[in-house]
Amino acid sequence: MRASHVTAEIAGQPDCWRRAAALAGPRADLLPRPGERIAVVGCGTSYLIARAYAALRESLGAGETDAFPASERTPLGRGYDRLVALTRSGTTTEVVDLLAGAAGRLPTLVLTGVPGSPAGRLADRAVDLSFADERSVVQTRFATTALQLLRAGLGVDLAPSVTDAELALYEPLPQHWAKRSQFTFLGTGWTVGLADEAALKLREVARVWTESYPAMEYRHGPISVSDRASLVWCIGPVPAGLREEVESTGALFTADAVDPVAALVRAQRLAVALAARRGLNPDRPRHVSRSVILAGAFRPTAADAARILRA
């Protein structure tokens with residue numbers, strides 16, 4: 001198979017994260033401030049990243065933070081100080097509609113790969129992440145770069161994460177992983193969102209059977225799916241006794257001693273490897289598009305379309 005765009009985009013993540021770290025200082029005035037009560041929204045991968053950020057921000061004591069899928073009714077009347085939207089294309093109907101509905105009600109911030117998009121124009125303030133935009137339908141480097149920028153805004157030093165990502169790109173994946181037919185990803189705290197994202201990547205790119213759970217909840221029923229055909233992967237801290245319980249099912253257990261976002265890079269690589277094994281195009285998963293634009297909703301102009309579909 002020809003080299004895919006997503007393979008190059010996965011490999012470009014350390015450089016994008018360095019740029020995010022450099023951007024965090026000059027753009028600190030745009031990012032959520034300590035103590036602000038915020039709602040973070042997105043769709044698909046962006047929503048899962050929003051969940052990870054919301055849990056991390058609260059765990060660090062930076063302020064009450066809720067995450068919502070933009071496709072559901074977001075309770076804007078709860079007294080939030082700000083609405084933060086993550087949208088790569090800036091054209092997803094639900095995000096655009098939500099930003100339009102929030103106009104005049106509360107301040108809005110959008111992180112987007114296309115700052116001139118409808119979402120970028122509707123938001124009060126926008127962070128330009130066009131350097132992390134992607135040609136593949138599949139989101140990898142945009143999502144992780146948005147999260148890393150937000151982490152840097154919380155005072156997290158990204159240098160160890162960048163180093164870990166370079167290691168995750170360099171080390172070969174264990175060959176026996178690709179021979180598994182069932183994959184379960186686990187997380188704790190803010191890494192639950194990353195576990196969900198890892199599962200989504202394998203599901204959409206390689207069409208394999210994947211599940212994801214909070215690590216301790218996995219023991220309350222979902223563990224019954226695990227057997228000798230399973231790989232159970234814990235992203236982030238491993239609860240005591242979990243490895244032993246997983247291995248008693250016959251499943252292969254793995255956990256990364258690296259930054260959780262760097263661990264997600266390995267999961268992205270596994271998704272592409274599984275797609276290649278099955279003869280699938282990882283850039284163009286079936287039934288999936290770069291931006292979901294619903295009938296009767298916003299339609300991009302020719303200029304917008306040129307930005308969205310640069311591939």
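Use the structure listed above.
Residues numbered from 1 in each chain as written. Predicted model: local features only at pLDDT ≥ 70, side-chain atom pairs only at ≥ 80, totals over all residues. Heavy atoms only, no water.

**Student:** In this structure, what is going on with the packing of helix α2 (residues 13–24) against helix α7 (residues 159–170)? I would like to understand it.
**Tutor:** It is the contact of α2 with α7, at a shortest axis distance of 9 Å, that shows an interaxial angle of 170°. Judged by the inter-axis angle, α2 sits roughly antiparallel to α7. Across from P14, W17 and R18 in α2, the residues of α7 making contact are S161, V162, A165, E166 and L169. Among the residues making up the contact of α2 with α7, the classes are represented as five nonpolar, one polar and two charged. (Axes fitted to C-alpha atoms, helices over the stretch in contact; angles between N-to-C directions. Helix = DSSP H or I, 4+ residues; strand = E, 2+ residues; numbered from the N terminus. Parallel < 35°, antiparallel > 145°, perpendicular 65-115°, else oblique. Contact = heavy atoms within 4.5 Å. Nonpolar A, V, L, I, M, F, W, Y, C, P; charged D, E, K, R; others polar.)

**Student:** Sorry if this is basic, but what is going on with the environment of F131 here?
**Tutor:** Along the chain, F131 falls in the loop between β5 (125–128) and α6 (141–153). Placed 92 residues apart in sequence, F131 and I223 show a C-alpha to C-alpha distance of 40 Å. In this view, F131 contacts C16, R19, A20, L23, R141 and T145; residues no more than four positions away in its chain are not counted.

**Student:** Sorry, what's going on with the environment of V208 here?
**Tutor:** One can find V208 in the loop between α8 (191–206) and β7 (209–214). The class of V208 is buried, set by a relative accessible area of 14%. Expressed as a C-alpha distance, the spacing of V208 and G187, which sit 21 residues apart in the sequence, is 20 Å. (Buried < 20%, exposed > 50% of the residue type's maximum accessible area, 1.4 Å probe, protein only.)

**Student:** It is not clear to me how the packing of aromatic side chains should be interpreted in this structure. Could you clarify?
**Tutor:** Remark: the centre distance and the inter-plane angle together describe each pair of aromatic rings, the angle taken between the planes. Using the criterion set out here, one finds three aromatic pairs in the structure. Between the aromatic rings of W177 and W233, the centroid separation amounts to 4.9 Å while the plane-to-plane angle is 55°, which identifies the pairing as tilted. Taken together, the residues W177 in the loop between α7 and β6 (182–187) and W233 in strand β8 (residues 230–235) connect sequence positions 56 residues apart. By relative accessible area, which is 3% here, W177 ends up buried. Taking the centre distance of 5.4 Å and the plane angle of 35° together, the rings of F185 and W233 count as tilted. Taken as a pair, F185 in strand β6 and W233 in strand β8 lie far apart in primary sequence, 48 residues in all. Since its relative accessible area comes to 1%, F185 is described here as buried. Linked through ring pairs, W177, F185 and W233 together constitute an aromatic cluster. A cation over a ring is seen here: R37 above Y80, with NZ or CZ 4.9 Å from the ring centre. (Phe/Tyr/Trp six-rings, centres within 6.5 Å; stacked < 30°, edge-to-face > 60°. Lys NZ or Arg CZ within 6 Å of the ring centre and 35° of its normal.)

**Student:** I would appreciate a short explanation of the pattern of salt bridges in the present structure.
**Tutor:** Between side chains of opposite charge, a pair can form as their charged atoms come close. Overall, the coordinates contain 15 salt bridges when judged by the stated rule. Here R88 and E134 are joined by a salt bridge, their closest N and O atoms 2.5 Å apart. In this pair, R88 is assigned in the loop between β3 (82–87) and α4 (93–102) and E134 in the loop between β5 and α6, connecting sequence segments 46 residues apart. The exposure class of E134 is buried, given its relative accessible area of 5%. With a closest N to O distance of 3.6 Å, E247 and R243 form a salt bridge. Residue E247 and its partner R243 are located together in helix α10 (residues 242–247), separated by four residues, close to a single helical turn. Connected through salt bridges with shared partners, the residues D15, R18 and E166 form a single ionic network. (Salt bridge = Lys/Arg side-chain N within 4 Å of Asp/Glu carboxyl O.)

**Student:** Can you walk me through the side chain of R57 in this structure?
**Tutor:** Relative to the elements of secondary structure, R57 occurs in helix α3 (residues 45–59). Excluding its chain neighbours within four sequence positions, the residues that come into contact with R57 are P32, R33, P34, G35, E36, I38, A62, G63, E64, T65 and L154.

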